[in-house]
Amino acid sequence: MSERAASESGANPGRPAAHATVDIAAPMATVWQVMIDLDAYGEWNPFVVRVERGLGAVAPGSRLKLHVRWHDGGEATSGELVTALEPPGAGRALLAYRFTGWLDRLGLVHALRTQTLVPAAGGTRYESHEAFSGALARAVPIARVREGFRRHAAALKARAEALASR
């Protein structure tokens, strides 16, 4: 598993960002099912421990409330709007959502998280990326977000591989 800031790769220099990548020994369809079963996050995800959402299937335009748990046990919530939901096809899958909290409404912090699946040797590569902008973007606890993304990716790997081995 690797992690890097977007500014280290030359994308959006100076903008706080978090990135995590992991190769998963499971078919893309299995990893996708784990990713979009938001109601089950509390069973396996140590970072996003609960997702509140409306009734029906998740789709672009769906509103989510993510309950995150930091490594030190602290907690936070985050309002999100699903902007893209592309199931596996044409060699990739994508789930994206943007931050919709009051900091976003005031133009102080904007964020977009993308979670992408692509084929990899022996299975699927999962990549998660979130970039932050706005007047208070530098106040985002970016080290905590990066650490949370690492825990999320490792847990997704474990869950998908366990399901694939059944």
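Since we're looking at a predicted model, the values are computed, not measured.

### Quick look at helix H5 (residues 142–165)
Thought 1: For H5, with 24 residues, the first-to-last C-alpha span of 34 Å sits near the 34 Å given by 1.5 Å per residue.
Thought 2: For H5, the complete set of buried residues consists of Ile-142, Val-145, Glu-147, Gly-148, Phe-149, Arg-151, His-152, Ala-153, Ala-155, Leu-156 and Ala-160.

### Focus on the packing of helix H2 (residues 28–36) against H5
Thought 1: For the pair H2 and H5, interaxial distance at closest approach is 9 Å and the crossing angle is 125°. Between H2 and H5, the angle falls in the class oblique. Both H2 and H5 take part in a crossing whose hand is right-handed. Judged by residue contacts, Thr-30, Val-31, Val-34 and Met-35 of H2 engage Leu-156, Arg-159, Ala-160, Leu-163 and Ala-164 from H5.
Thought 2: Taken together, the residues of the contact of H2 with H5 break down into seven nonpolar, one polar and one charged.

### Re the confidence of the model for the chain
Thought 1: Across the chain, the average pLDDT comes to 92, with 92% of residues at 70 or higher.
Thought 2: For residues 1–11, every residue scores under 50 in pLDDT, and the model assigns this stretch 24 contacts once sequence neighbours within four places are set aside.

Criteria and thresholds
- Residues numbered from 1 in each chain as written.
- Predicted model: local features only at pLDDT ≥ 70, side-chain atom pairs only at ≥ 80, totals over all residues.
- Heavy atoms only, no water.
- Helix = DSSP H or I, 4+ residues; strand = E, 2+ residues; numbered from the N terminus.
- Expected span 1.5 Å × (residues − 1).
- Buried < 20%, exposed > 50% of the residue type's maximum accessible area, 1.4 Å probe, protein only.
- Axes fitted to C-alpha atoms, helices over the stretch in contact; angles between N-to-C directions.
- Parallel < 35°, antiparallel > 145°, perpendicular 65-115°, else oblique.
- Left-handed = near helix turned anticlockwise from the far one by under 90°.
- Contact = heavy atoms within 4.5 Å.
- Nonpolar A, V, L, I, M, F, W, Y, C, P; charged D, E, K, R; others polar.
- pLDDT = per-residue confidence, 0-100.

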